[in-house]
Amino acid sequence: VMHLNGIGTVRDCDTAVNLLKKVCERGEWVTSKLVEAYEYGEQQPDKAALRFLKLAEAGHEVAQMNAAHLFDSGQSSLLYQGAAPEGEEGGGDSEEVRHHSRTLAQRFYELSAEQGSASSELRLGDYSYYGWGVTAAFKEPEFGERGMS
């Protein structure tokens with residue numbers, strides 16, 4: 001708060017936001033949600049993924065990395081519409097499900113990497129090297145009858 005208001009130090013909003021974010025991430029509400037997600041763990045990966053997703057969307061770096069890992073490893077296909085028959089988790093190993101999971105994982109690896117996670121940056125390098133996740137599709141421009149002038 002001192003950095004935010006410039007009390008006893010030069011006013012610096014970036015430093016204030018970073019410090020306040022660290023305090024919030026270590027608060028009881030966040031840690032209790034993380035503990036919940038870890039308790040679901042391998043037995044119910046879709047429920048764990050849902051807990052991690054809630055925190056990840058709020059900007060929690062560890063949750064972003066954990067959500068990405070659950071999707072990347074194929075343990076959860078929570079956000080895939082045709083995922084699993086009723087009562088099953090995991091959703092199978094079809095190529096479409098795998099591609100969807102990797103696309104989601106890439107998003108959360110990117111969010112985590114933006115916050116300085118070296119392991120997320122490494123995993124994004126793997127995605128680029130192996131051609132996983134979102135791919136860029138470049139098309140040649142289509143020219144009508146007029147062509148270019």
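Residues numbered from 1 in each chain as written. Predicted model: local features only at pLDDT ≥ 70, side-chain atom pairs only at ≥ 80, totals over all residues. Heavy atoms only, no water.

Draft legend 1. Representation of the packing of aromatic side chains. The full count for this structure, using the stated rule, is six aromatic pairs. With a centroid separation of 6.4 Å and 25 degrees between ring planes, the pair formed by Phe71 and Phe108 is classed as stacked. With a gap of 37 residues between them, Phe71 in helix H5 (residues 61-72) and Phe108 in helix H6 (residues 95-114) connect regions that are remote in the sequence. Neither Phe71 nor Phe108 differs from the other in exposure class; each is buried. Through a chain of ring-to-ring contacts, three or more aromatic side chains come together here, namely Tyr109, Tyr127, Tyr129, Tyr130 and Trp132. The ring of Trp132 is capped by Arg102, whose NZ or CZ atom sits 3.9 Å from the centre of that ring. Lying across the ring of Phe108, Arg107 places its NZ or CZ 5.0 Å from the centre. (Phe/Tyr/Trp six-rings, centres within 6.5 Å; stacked < 30°, edge-to-face > 60°. Helix = DSSP H or I, 4+ residues; strand = E, 2+ residues; numbered from the N terminus. Buried < 20%, exposed > 50% of the residue type's maximum accessible area, 1.4 Å probe, protein only. Lys NZ or Arg CZ within 6 Å of the ring centre and 35° of its normal.)

Draft legend 2. How the structure looks around H5. Across its twelve residues, H5 extends 16 Å between first and last C-alpha, which sits within 8% of the 16 Å expected from 1.5 Å per residue. Looking at H5, one finds that the buried residues are Ala63, Gln64, Asn66, Ala67, Ala68, Leu70, Phe71 and Asp72. On the buried face of H5, the contacting elements are helix H3 (28-40), helix H4 (45-57), H6 and helix H7 (118-130). Positive backbone phi, at 80 degrees, marks Gly74, one or two positions downstream of H5. (Expected span 1.5 Å × (residues − 1). Contact = heavy atoms within 4.5 Å.)

Draft legend 3. Molecular detail of the environment of Pro45. Mapped onto the elements, Pro45 comes out in helix H4. Separated by 22 residues in sequence, Pro45 and Ala67 have C-alpha atoms that sit 9.8 Å apart.

Draft legend 4. Spotlight on the packing of H5 against H6. Contact pair H5 / H6: the axes reach a minimum separation of 8 Å and the direction vectors enclose 160 degrees. Accordingly, the angle class assigned to the pair H5 and H6 is roughly antiparallel. The two elements H5 and H6 meet at a crossing, and its hand is left-handed. On H6, the residues touching Glu61, Gln64, Met65, Ala67, Ala68, His69, Phe71 and Asp72 of H5 are Arg98, Ser101, Arg102, Leu104, Ala105, Phe108, Tyr109, Leu111 and Ser112. Among the residues forming the contact of H5 with H6, the class breakdown is nine nonpolar, four polar and four charged. (Axes fitted to C-alpha atoms, helices over the stretch in contact; angles between N-to-C directions. Parallel < 35°, antiparallel > 145°, perpendicular 65-115°, else oblique. Left-handed = near helix turned anticlockwise from the far one by under 90°. Nonpolar A, V, L, I, M, F, W, Y, C, P; charged D, E, K, R; others polar.)

Draft legend 5. Molecular detail of the packing of H4 against H5. Where H4 contacts H5, the two axes come as close as 8 Å, and the packing angle between them is 145 degrees. The hand of the H4/H5 crossing is left-handed. Where H4 abuts H5, its residues Pro45, Ala48, Ala49, Phe52, Leu53, Leu55 and Ala56 lie against Ala63, Gln64, Asn66, Ala67, Leu70 and Phe71. Within the contact of H4 with H5, the residues separate by chemical class into eleven nonpolar, two polar and no charged.

The values are spatial; any link to function lies outside them.
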